[in-house]
Amino acid sequence: MASSGILGSTPPPPQQQLQKPYFATTYTDNFDSPHGAQKLCVYEINDLDRQSPKLLVNSNNTNVAGKRVKSLGDLLPYTNKLYDGTLKERLGITAGMCIMIEYVPEFDGDRYECQFSAYFGEYGHISVQGPYTSYCDCVMAVTGGTGIFTGARGVVKCKTLLPTKLFYEFHLLDIHKLPAKLTQTPVPPTPDVIPEDHKSTS
């Protein structure tokens, strides 16, 4: 019988230790913007016309059915289109690299560690690093920028609407006042939103 004391208790089996949720999945529910931060909202759209993303396989792991599955170390470089929060104007592109950390079967989704940049044309770019989860919202760190974003720090909340459609809510510190064009009230993020320049072809 295991002792009830912490030092004398029997440790859980290795499998249980690995399942401990070190990586939170619901911490954005009570997300608070940093004091004094400026908010900037954008949409990332993948029209599947840029050969993106590109999965670079680093293992031959398969499931019980013999089908190849993504696993630790697989690389996912990508580049997508970036639109303002109103979806009326394309601002630039995103470009980055994600490293597969694990498949999460209980959510039928993937967990990655990512680095990417959001390019805003003549305004400059914002650099981001942190965890990305395909099955829930996540928060990543803003690590810098150029142009009007020079010296930027803060966080960005990422909401996956569809595998090809994401909504980013940047909370930026240590930069000058953003142009009103970049801080307009965004279209509410739902899976069926589309950019204005797509409506004529839809």
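The rules behind these values
Residues numbered from 1 in each chain as written. Predicted model: local features only at pLDDT ≥ 70, side-chain atom pairs only at ≥ 80, totals over all residues. Heavy atoms only, no water. Helix = DSSP H or I, 4+ residues; strand = E, 2+ residues; numbered from the N terminus. Buried < 20%, exposed > 50% of the residue type's maximum accessible area, 1.4 Å probe, protein only. Lys, Arg positive; Asp, Glu negative; His and termini not counted. Salt bridge = Lys/Arg side-chain N within 4 Å of Asp/Glu carboxyl O. Polar contact = N/O pair within 3.5 Å; in protein donor to acceptor, adjacent residues only side chain to side chain. Contact = heavy atoms within 4.5 Å. Pairing = 2+ DSSP bridges.

Caption draft 1: The side chain of K165, seen in detail. Residue position: K165 is located in strand β8 (residues 165-173). There is no salt bridge for the buried K165, and the closest opposite charge comes from D192, which lies 6.6 Å off by N-O distance. A distance of 2.8 Å separates the side chain of K165 from the backbone oxygen of P191, its partner in a polar contact. Sequence-distant contacts of K165, that is, excluding residues within four places in its chain, are made with E44, I45, K159, T160, T190, P191, D192, V193 and I194.

Caption draft 2: Structural view of the pairing of strand β6 (residues 138-145). With four bridges connecting them, strand β5 (residues 125-133) and β6 associate as antiparallel partners. Its bridge partner lying in β6, Q129 is registered against A141. With five bridges joining them, β6 and strand β7 (residues 153-162) adopt antiparallel strand pairing. Bridge pairing links M140 to V156 in β7.

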